[in-house]
Amino acid sequence: MRVLLAEDDAMLGRATCLGLMQSGYAVDWVTSAEQGLAALDTQNYDCVLLDLGLPGMSGEECLRVMRTQARYTPVIIITARGHVEDRIQLLDEGADDYLVKPFDLDEVAARVRAVVRRAQVGDVGEEDVVHGPLTLQPASRSVLWNGRHVALTTKEFWVLELLMRRRSRTVSRQQIEEALYGWGEEIESNAVQVHIHHLRRKLDPRLIITTRGMGYQLAPAQMLNSDPGVQAGGEAA
Ligand code: CA
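Throughout what follows, the structure given in this document is the object of discussion. None of these values were measured; they are calculated from a predicted model.

### Some remarks on the overall build of the protein
- Across its full length, the protein carries nine helices and eleven strands.
- For 237 residues, the compact-globule estimate of 2.2 N^0.38 gives 18 Å, and the C-alpha radius of gyration of the protein, at 19 Å, lies within 12% of that figure.
- Dimensions of the protein, computed from the C-alpha atoms along their principal axes, are close to 60 × 35 × 30 Å.
- A buried classification covers 46% of the 237 residues belonging to the protein.
- Long-range pairs, those at least 24 residues apart, make up 60% of the contacts in the protein between residues at least 6 apart in sequence.
- As presented, the protein carries roughly 11,600 Å² of accessible surface, and 50% of it is formed by carbon and sulfur atoms.
- In the protein, 25 side chains carry a positive charge and 33 a negative one; their mean positions are 7 Å apart.

Put into structure tokens, the structure is as follows:
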């Protein structure tokens, strides 16, 4: 999950960044709407956190430009204004949600998660994703293998979620890195391989197929259902 944060207040920006990173999000932080629009040109984001009071182009204007350019990335407005009419107007103009300053950092992460989920799956919300013996429960961020809970780290969960949501396609290492890590975040060159290795170990060695030079893909569900001889090796939560 990659989030773009447009916030010119250094202290609030840093705190929001850290809060989101602690919740496992990759965050790119810009301090103006212009930089935000430039970032949207070069990178895919799952969500934009947009401060209204930015130097130069305002947050409202930025939102209008985004929607005019048919960019439908979910936007959460950060505002100090608490008036109901202002918020209704912003939602009418295409914001997906808003946060009124000062806000709780856990709440930011929860709101981001909620708007991303709505955008990905439409109205069905936080429905379970099932693939053979594997069930992913986005709402509680839990994973079950043959009905048994398996404890995963946040990044392992997101790698698995990415593979499950794109199960018919191969996902490249770069796509996984971009979804997991923000600008300037130190990435070990084998970080993705390590997450994949752990997922195979915790769930099933056959679960993820490596396509040399291409990336990773989930094994077909019927392949995982057959041959119960392989030890799942799940770590019960
Ligand atoms: Ca501001």
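### Description of the nonpolar core
- One finds Tyr 25, Leu 49, Val 112, Leu 160, Leu 203 and Leu 207 to be the most contacted residues of the largest nonpolar core, which totals 47 residues.
- Looking at this core, the element that brings in the most residues is helix α6 (residues 154-165), giving seven residues.
- There are two domains that each give this core at least three residues, and those are domain 1 (2-119) and domain 2 (129-225).
- Setting aside chain neighbours within four positions, we find Leu 160 in contact with Leu 134, Leu 136, Val 143, Leu 152, Leu 199, Leu 203 and Leu 207.
- Residues Ala 33, Leu 40, Tyr 45 and Ala 95 belong to the second largest nonpolar core, which totals 20 residues.

### A look at the coordination of the calcium ion
- The coordination sphere of the calcium ion, as far as protein atoms go, consists of Asp 8 (OD), Asp 51 (OD) and Gly 53 (O), spread over 2.2 to 2.4 Å.
- Each donor residue of the calcium ion belongs to the same chain, and together they define the spacing D-x42-D-x1-G. With Asp 8 in the loop between β1 (2-6) and α1 (10-22) and Gly 53 in the loop between β3 (47-51) and α3 (59-68), the pair connects residues that are 45 residues apart, well separated along the chain.

### Details of α6
- Along its twelve residues, α6 runs 16 Å from first to last C-alpha, staying within 8% of the 16 Å computed at 1.5 Å per residue.
- All of the buried residues in α6 are Lys 155, Glu 156, Phe 157, Trp 158, Val 159, Leu 160, Glu 161, Leu 162, Leu 163 and Met 164.

The rules we used
For every chain, the first residue of its written sequence is number 1, and the numbers climb from 1 along that sequence. Only residues with pLDDT of at least 70 are given local features in this predicted model, and only at 80 or more are side-chain atom pairs given and counted; all residues enter the totals for whole chains, interfaces and linings. Only hydrogens and water are set aside when side-chain values are computed; all heavy atoms of the structure are taken into account. Segments assigned H or I by DSSP are reported as helices when at least four residues long, segments assigned E as strands when at least two residues long, and all are numbered from the N terminus. Computation of the radius of gyration draws on C-alpha atoms, with the globule rule given as 2.2 Å multiplied by the number of residues to the power 0.38. Categorising residues by exposure relies on relative accessible area from a 1.4 Å probe, with only protein chains included: less than 20% of the type maximum marks a residue as buried, more than 50% marks it as exposed, and the intermediate range marks it as partly exposed. Contacts are residue-level and defined by heavy atoms, with any inter-residue pair within 4.5 Å sufficient. A 1.4 Å probe and the Shrake-Rupley method give the accessible areas. Residues count as covered only by the protein chains that appear here. We count Lys and Arg on the positive side and Asp and Glu on the negative side, and we leave His and both chain ends out. Throughout, a charge is located at the NZ atom of Lys, the CZ atom of Arg, the CG atom of Asp or the CD atom of Glu. Among buried residues, those of type Ala, Val, Leu, Ile, Met, Phe, Trp, Tyr and Cys that are joined through side-chain atoms within 4.5 Å constitute a nonpolar core. Domain ranges listed in this record stem from an automatic or a database domain assignment. Note on donors: an N, O or S atom is included if it sits within 2.8 Å of the metal, or within 3.2 Å for Na, K and Ca, and water is never included, so sites can look incomplete. To estimate how far a helix should reach, multiply one less than its number of residues by 1.5 Å.

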